[in-house]
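# Working through the structure, step by step
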Amino acid sequence: MITNSIQFKFYSPQWFLPSLMLTLIRPTMFPVLRNEDLKEMLESNKESLKLEAMKRVVGLIAKGKNASELFPAVVKNVASKNIELKKLVYVYLVRYAEEQQDLALLSISTFQRALKDPNQFIRASALRVLSSIRVPIIVPIMMLAIKEAAADLSPYVRKTSAHAIQKLFSLDPDQKEQLIEVIEKLLKDKSTLVAGSVVMAFEEVCPDRIDLIHKNYRKLCNLLVDVEEWGQVVIISMLTRYARTQFTSPWKEGAVFDENNEKTFYDSDSEEKKGQIEAKPYIMDPDHRLLLRNTKPLLQSRNTAVVMSVAQLYWHLAPKHEVSIVTKSLVRLLRSHREVQYIVLQNIATMSIQRKGMFEPFMKSFYVRSTDATHIKTLKLEILTNLANEANISTILREFQTYVKSQDKAFAAATIQAIGRCATNISEVTDTCLNGLVLLLSNRDETVVAESVVVIKKLLQTQPTQHSEIIKHMAKLFDNITVPMARASILWLMGEYCERVPKIAPDVLRKMAKTFTIEEDIVKLQTVNLAAKLYLTNSKQTKLLTQYILNLGKYDQNYDIRDRTRFIRQLIVPSEKNGALNKYARRILLAPKPAPVLESAFKDRDRYQLGTLSHSLNIKATGYQELSDWPAVAPDQSVRNVEVIEPVRNLPSSHTSSYLLALFKKPPRLNIS
């Protein structure tokens, strides 16, 4: 009978469990077995029943179900001579060894024997299980096992030893010095399988020991293309930090970029050349160029994390005229899933603030689609605003007109803020943007109207003398606006420019006196401010109104409003006690205010390394390592020179065959039908 089967490839993004292909029979073909039935099968004398039981147990783990109750029955089979069964047992033990430490300790002698098994996968699995038993008493055993595995002929076992280093360090940090010795040994390994894992161990255990990288720098650069994708990300991140400490800055102002530093045939020391000689040409270190050259092909990688790593490396290390080569690769990533888009757009938003020219040719790639999520739309909007200039502003504003009509209210509000930023940054379109925002005040949507009022308020602060008509228009719409922030903004404008609208401002205050008790706190505070300013500029009409509002505020439930009311009363109403303070009331309340600066939310994120969690969250995350500043003088580059010596290993003739068998013997293929 031929059965349909499902293949599961077991691996972890961090530890990379062996590529063990398990053929799991469809559960619908056989009745579901209880734990008692599985225990009986695991304790039977037939290897086939044990194998079948282990398949089902691992299948339960793959589905996320708890199989810890079977640990005693499973651990009995750890010494089985059946290779396929032993592999499955080790997969189970890696998952549950930390939870069932006491039972796992009973099998340590078995794991130690397995460390010398001819099969490389058994050796690696034994070390993985041993390092998963997090009990301090076995630290010496783990250390010995790691040292032996680091010298193993199989690169797969050496890779597993690098993973075990991190586990042991987290269990017992006092072993750091011995672990550094193992890391130093593994860093010299020429296998691409080992490179990524040992660099990860280096980053976890001793990231400050840059001296360990010197001799291996060029080897890591050359191996980078052939390392697995996970290892590429780790190595690129580490080499970025290394390069910032070992090479001089390629961004020096006034320096002439001359990488070859060779004179042409017709060059002469004429007077015309003297000016250039004074500005010393920048000569890039060959090792610096090696890193840039070897990472460039990885921009074509299918893995988005690798592409993002190379992009951040070029951003932090490459000369400014070379950074643009990462643009197309980053834009390509925008076709991926929304999670990937979110991270990539965050990094592009940071880049576009400093270098608009990089992404301006690809502006259409950042147009918002109807299927985009709100957070993706907002980031694209941020980038379009950063890219805006005199040449493309008309195109961008036409896009924004469409976005304002969106049913997504949060996105429509963000678009209005973006229009305000464009109006502030590009003076040629300030009036156009203001007129467009005033038209939005007639919109039926309260959110759009409220956001328009807030943005108009900020724009009017830049040139208030020219826009008294807009202030009057906003006063007429005041009764129809219900959003507290928008009402507070209009009241602030009335108070700040009350002398330009002397007839309207008192009438607005009269309306507010009627509804003062039911307003939100932010509106009440601005009402008190408006009353104080009108008392100073137009006391004849507003004296009684001001006293009435101050009396209401005196007994308000909110202590902020009560405190503000007492302060305003003492400031503007003359008395014997506060005569000195009253003289400065006009200078305090009616002082000219600086216009607000509308800036990008990503302006300060460049202090974090691109592509990191800290950059994404805009806060320093645990474990974040800051990039150091470029050194003023380049350190000695001879530390990276390596003498090439071919190692010669004289193996005893009696052991030669066993070593060759261990090296070339293929693991048995697991095919369970």
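Numbers given to residues run from 1 along each chain, matching the order in which its sequence is written. Owing to the predicted nature of the model, reporting of local features is limited to residues with pLDDT of at least 70; listing and counting of side-chain atom pairs is limited to 80 or more, with chain, interface and lining totals taken over all residues. The side-chain quantities take in all heavy atoms of the structure and omit both hydrogens and water.

With an unreviewed UniProt entry as reference, the protein is termed Clathrin/coatomer adaptor adaptin-like N-terminal domain-containing protein, source organism Lates calcarifer. Quoted verbatim from the Subcellular location (unreviewed entry) field of UniProt, the annotation for the protein is "Endomembrane system". UniProt positions are given in the numbering used here, feature names are shortened, and annotations may be inferred rather than shown by experiment.

## Focus on the overall build of the protein
Going along the chain from the N terminus, every DSSP run of H or I of four or more residues is numbered as a helix, and every run of E of two or more is numbered as a strand. The helix and strand tally for the protein stands at 34 helices and 2 strands. Each residue is placed in one exposure class: buried if its accessible area under a 1.4 Å probe, protein chains only, is under 20% of its type's maximum, exposed if it is over 50%, and partly exposed if it falls in between. Taken across its 673 residues, the protein has 51% of its residues classed as buried. A separation threshold of at least 6 residues defines the contact pool for the protein, and within that pool the share at least 24 residues apart is 68%. Surface accessibility in these figures is a Shrake-Rupley result with a 1.4 Å probe; residues are shielded only by whichever protein chains are displayed. Roughly 35,300 Å² of accessible area belongs to the protein as shown, and the carbon and sulfur atoms make up 52% of that amount. Contact definition: two residues touch when any of their heavy atoms are within 4.5 Å.

## Section: the packing of helix H20 (residues 374–387) against helix H21 (residues 393–404)
Helix axes are fitted only over the stretch in contact, all axes being lines through C-alpha atoms; the angle between N-to-C directions runs from 0 to 180 degrees. At their nearest, the axes of H20 and H21 sit 11 Å apart, and the two run at 155° to each other. One element, H20, and the other, H21, form an angle in the roughly antiparallel class. The handedness of the crossing between H20 and H21 is left-handed. Contact residues: Leu381, Leu384, Thr385 and Leu387 in H20; Ile396, Phe400 and Tyr403 in H21. Amino acid classes used here: Ala, Val, Leu, Ile, Met, Phe, Trp, Tyr, Cys and Pro are nonpolar; Asp, Glu, Lys and Arg are charged; the rest, including Gly, are polar. Here the contact of H20 with H21 is built from residues that sort into 6 nonpolar, 1 polar and no charged. Each angle is binned into one of four classes, with values under 35 degrees roughly parallel, values over 145 roughly antiparallel, values of 65 to 115 roughly perpendicular, and all other values oblique. If you view the pair so one helix is near and one far, a crossing is left-handed when the near helix is turned anticlockwise from the far one by less than a right angle, and right-handed when it is turned clockwise.

## What about the nonpolar core?
We call a set of buried Ala, Val, Leu, Ile, Met, Phe, Trp, Tyr and Cys residues a nonpolar core when their side-chain atoms join them within 4.5 Å. Within the largest apolar cluster, 202 residues are counted, with the highest numbers of intra-cluster contacts made by Tyr92, Leu93, Leu330 and Phe400. Structurally, this core is a two-domain feature, drawing no fewer than three residues from each of domain 1 (3–184) and domain 2 (477–596). Ignoring anything within four residues of it in the chain, the contact list for Tyr92 reads Met54, Val57, Ile61, Ala67, Ser68, Leu70, Phe71 and Val74. Domain extents, as shown, originate in an automatic or database domain assignment.

## Some thoughts on the packing of aromatic side chains
For any pair of aromatic rings, geometry is given as the distance between the ring centres together with the angle between the planes. The criterion for an aromatic pair is that two Phe, Tyr or Trp rings (for Trp, the six-membered ring) have centres within 6.5 Å, with stacked assigned to planes under 30 degrees apart, edge-to-face to planes over 60 apart and tilted to the rest. Throughout the structure, instances matching the rule amount to 12 aromatic pairs. Ring geometry for Tyr217 and Phe247: centres 6.0 Å apart, planes at 65°, overall edge-to-face. With Tyr217 in helix H13 (residues 217–223) and Phe247 in the loop between helix H14 (229–246) and helix H15 (271–278), this residue pair connects regions lying 30 residues apart in the sequence. A relative accessible area of 0% places Tyr217 in the buried class.

## Some points on helix H25 (residues 468–476)
Among all positions of H25, only Ser468, Ile470, Ile471, Met474 and Ala475 are buried. For H25, the angular spread of the buried residues around the axis is 160°, confining them to a single face. Exposed and oriented more than 90 degrees from the buried face of H25 are Glu469 and Lys476. Each element contacted by the buried residues of H25 is listed here: helix H23 (430–440), helix H24 (446–460), helix H26 (484–496) and helix H27 (504–515). In this description, one arc is meant: the one made by directions from the helix axis to the C-beta atoms.

## Structural notes on the pattern of salt bridges
For side chains bearing opposite charge, pairing can occur when the charged atoms are close. Here a salt bridge means any side-chain nitrogen of Lys or Arg lying within 4 Å of a carboxyl oxygen belonging to Asp or Glu. Applying the stated rule across the entire model yields 26 salt bridges. The closest approach of N and O atoms between Glu322 and Arg289, which form a salt bridge, is 2.8 Å. Of this pair, Glu322 sits in the loop between helix H17 (304–317) and helix H18 (327–332) while Arg289 sits in helix H16 (residues 286–295), and the two are 33 residues apart along the sequence. When its relative accessible area of 14% is taken as the criterion, Glu322 is described as buried. One salt-bridge network, held together by shared partners, links Arg218, Asp285, Asp287 and Arg640.

## What to know about helix H4 (residues 83–96)
The span you would expect from a helix comes to 1.5 Å times its residue count less one. Spanning 14 residues, H4 covers 20 Å between terminal C-alpha atoms, matching the ideal 20 Å at 1.5 Å per step. The buried fraction of H4 amounts to 10 of the 14 residues, a majority that puts the element mostly inside the structure. Turning to H4, its buried residues number three or more, namely Leu85, Lys86, Lys87, Leu88, Val89, Tyr90, Val91, Tyr92, Leu93 and Tyr96. Definition of a polar contact: a pair of N or O atoms within 3.5 Å, with one able to donate and the other able to accept a hydrogen when the atoms are protein atoms, and with sequence-neighbouring residues admitted only if both atoms are side-chain atoms. The residue sitting at the N-terminus of H4 and contributing the capping side-chain oxygen is Asn82; that oxygen lies 3.0 Å from the backbone nitrogen of Glu84.

## Some thoughts on the environment of Ser109
One can find Ser109 in helix H6 (residues 108–114). For the pair formed by Ser109 and Ala79, sequence separation is 30 residues and the distance between their alpha carbons is 9.9 Å.

## Some remarks on the confidence of the model for the protein
Per residue, pLDDT captures the predictor's confidence, and it can take any value from 0 to 100. Within the protein, residue pLDDT values average 82, and 85% of them lie at 70 or more. By mean pLDDT, the top-scoring element of the protein is H17 (95), and the lowest-scoring one is strand S1 (residues 5–10) (36). Note on residues 1–31: pLDDT under 50 across the span, and 64 contacts to partners over four residues away in sequence or across chains. pLDDT under 50 marks residues 259–278. Its contacts with residues more than four places away, or in other chains, come to 8 contacts.

## Considering the environment of Asp152
For Asp152, the position within the fold is in the loop between helix H8 (139–150) and helix H9 (155–171). Asp152 sits 29 residues away from Arg123 along the chain, and the two C-alpha atoms are 9.6 Å apart. Apart from residues lying up to four places away in sequence, Asp152 is in contact with Arg123, Val157 and Arg158. Only 2.9 Å separates the side chain of Asp152 from the side chain of Arg123, close enough to count as a polar contact.

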